[in-house]
Amino acid sequence: MPTPSMEDHIEQIYLLIDQKGYARVSDIAEALSVLPSSVTKMVQKLDKDGYLIYERYRGLTLTPKGLKLGERLVKRHSLLEQFLRLIGVDEERIYNDVEGIEHHLSWNSIECIADLIQVLEENPEFIHKLEELKEPHPHPSE
């Protein structure tokens, strides 16, 4: 079972490979705001655990296990962003909120949220009711 930090690294590696065709330690470190030495240690652990193949100075590739998990993590992130957007969370808060909750939800909870998203999208009147509830209540300052 990968830790939240392992998940963050796999998710970022998956995204970088998807966007650029490759993922370098320096790119991963920059994206996660961590030191390259920390990324190297994590990449070595992910290699040992079978999520990727890391060759020093040559880069890394995700294994089928890593690809499957990476895709699942990216979908989870997108799904949670979609859910928060649907229920009216302020756009500037969504990314940080997702980062704060995504590792603490079970896959069963994620599936239930996906079902709820489907219901909300098929029944826009529910979204309108949520919007009506929000109107008279200004946001408290944080």
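Residues numbered from 1 in each chain as written. Predicted model: local features only at pLDDT ≥ 70, side-chain atom pairs only at ≥ 80, totals over all residues. Heavy atoms only, no water.

Moving on to the overall build of the protein. Tallying secondary structure elements over the protein gives seven helices and two strands in all. Along its sequence from the N terminus, the protein presents helices and strands in the succession α-α-α-β-β-α-α-α-α. Here the protein has a C-alpha radius of gyration of 18 Å; the compact-globule value for 142 residues is 14 Å, and the former is much larger. A principal-axis box enclosing the C-alpha atoms of the protein has dimensions of 55 × 30 × 25 Å. For the protein, the proportion of its 142 residues judged to be buried stands at 33%. Contacts spanning at least 24 positions in sequence make up 54% of the contacts within the protein whose residues lie at least 6 apart. For the protein, the computed accessible surface area is about 9,300 Å², with 55% contributed by carbon and sulfur atoms. Of the side chains in the protein, 16 bear a positive and 26 a negative charge, and the two mean positions are spaced by 11 Å. (Helix = DSSP H or I, 4+ residues; strand = E, 2+ residues; numbered from the N terminus. Rg over C-alpha atoms; globule rule 2.2 N^0.38 Å. Buried < 20%, exposed > 50% of the residue type's maximum accessible area, 1.4 Å probe, protein only. Contact = heavy atoms within 4.5 Å. Areas by Shrake-Rupley, 256 points an atom, 1.4 Å probe, with all protein chains shown as cover. Lys, Arg positive; Asp, Glu negative; His and termini not counted. Charge placed at Lys NZ, Arg CZ, Asp CG, Glu CD.)

The next point concerns the pairing of strand β2 (residues 59-62). Covered by surrounding structure in β2 are L60 and L62 only, the residues G59 and T61 on the alternate face being uncovered. Linking strand β1 (residues 52-55) back to β2 in an antiparallel pair, the connection comprises three residues, with Y57 at a positive phi of about 70 degrees. (Pairing = 2+ DSSP bridges.)

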